[in-house]
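Close look at the chain arrangement
If you want the building blocks of each chain, they are given just below.
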Amino acid sequence: MTDDTIGIDLSKATLDVHRLSDGKMASFSNDTGVFKQLAKFCNETTVIRVIYETTGAYHKGFEPDLGPHSPLVKVNPLQARRFAQA
């Protein structure tokens, strides 16, 4: 197992997830049962951070469930966009 970073793209309908170490991607429905599926995906490696944009209120559904188990890193969408443009 390796230490890993997980990136999550949040939308109203889905959570698109990418694991940095092996490039594996997955898509989960953004509903109340997503934590178990997301935890299974994350537990394949030792996660050192989960990075996501705070887009609208879509992130509030999984923060209470995932926060106690993984270090969460919120990224301001405007700053991420400016970084990509640079």
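Quick caveat, the model's predicted, so the values are computed rather than measured.

Moving on to the environment of Val47. Here Val47 is to be found in strand S4 (residues 46-53). Distance in space between the C-alpha atoms of Val47 and Arg19 is 9.2 Å, their sequence separation being 28 residues.

On to the confidence of the model for the protein. Taken over all residues, the pLDDT of the protein has a mean of 83, while the share at 70 or more is 98%. No element of the protein has a lower mean pLDDT than helix H2 (residues 63-66), which averages 76, and none a higher one than strand S3 (residues 25-29), which averages 91.

This brings us to the pattern of salt bridges. Applying the stated criterion to the full structure yields four salt bridges. Between Asp4 and Arg19 there is a salt bridge, with its nearest N and O atoms 4.0 Å apart. Placement of the pair is Asp4 in strand S1 (residues 3-10) and Arg19 in strand S2 (residues 14-19), with a sequence separation of 15 residues. Between Arg19 and Glu44 there is a salt bridge whose closest N-O contact spans 2.8 Å. Here Glu44 lies in the loop between helix H1 (34-42) and S4 and Arg19 lies in strand S2, a separation of 25 residues in the sequence. Given the relative accessible area of 1%, Arg19 is considered buried. Overall, Glu44 belongs to the partly exposed group, its relative accessible area being 39%. One salt-bridge network, held together by shared partners, links Asp4, Arg19, Asp22, Lys24 and Glu44.

Given 3.6 residues to a turn, an α-helix orients residues that are three or four positions apart in the same direction. Here H1 has its buried residues at Val34, Leu38, Ala39, Phe41 and Cys42. In a view along the axis of H1, the buried residues occupy a sector of 160°, so they form one face of it. With respect to the buried face of H1, the exposed residues turned more than 90 degrees away are Lys36 and Lys40. Taken together, the buried residues of H1 touch S1, S2, S3, S4 and H2.

Cut-off values and rules
Residues numbered from 1 in each chain as written. Predicted model: local features only at pLDDT ≥ 70, side-chain atom pairs only at ≥ 80, totals over all residues. Heavy atoms only, no water. Helix = DSSP H or I, 4+ residues; strand = E, 2+ residues; numbered from the N terminus. pLDDT = per-residue confidence, 0-100. Salt bridge = Lys/Arg side-chain N within 4 Å of Asp/Glu carboxyl O. Buried < 20%, exposed > 50% of the residue type's maximum accessible area, 1.4 Å probe, protein only. Arc of directions from axis to C-beta. Contact = heavy atoms within 4.5 Å.

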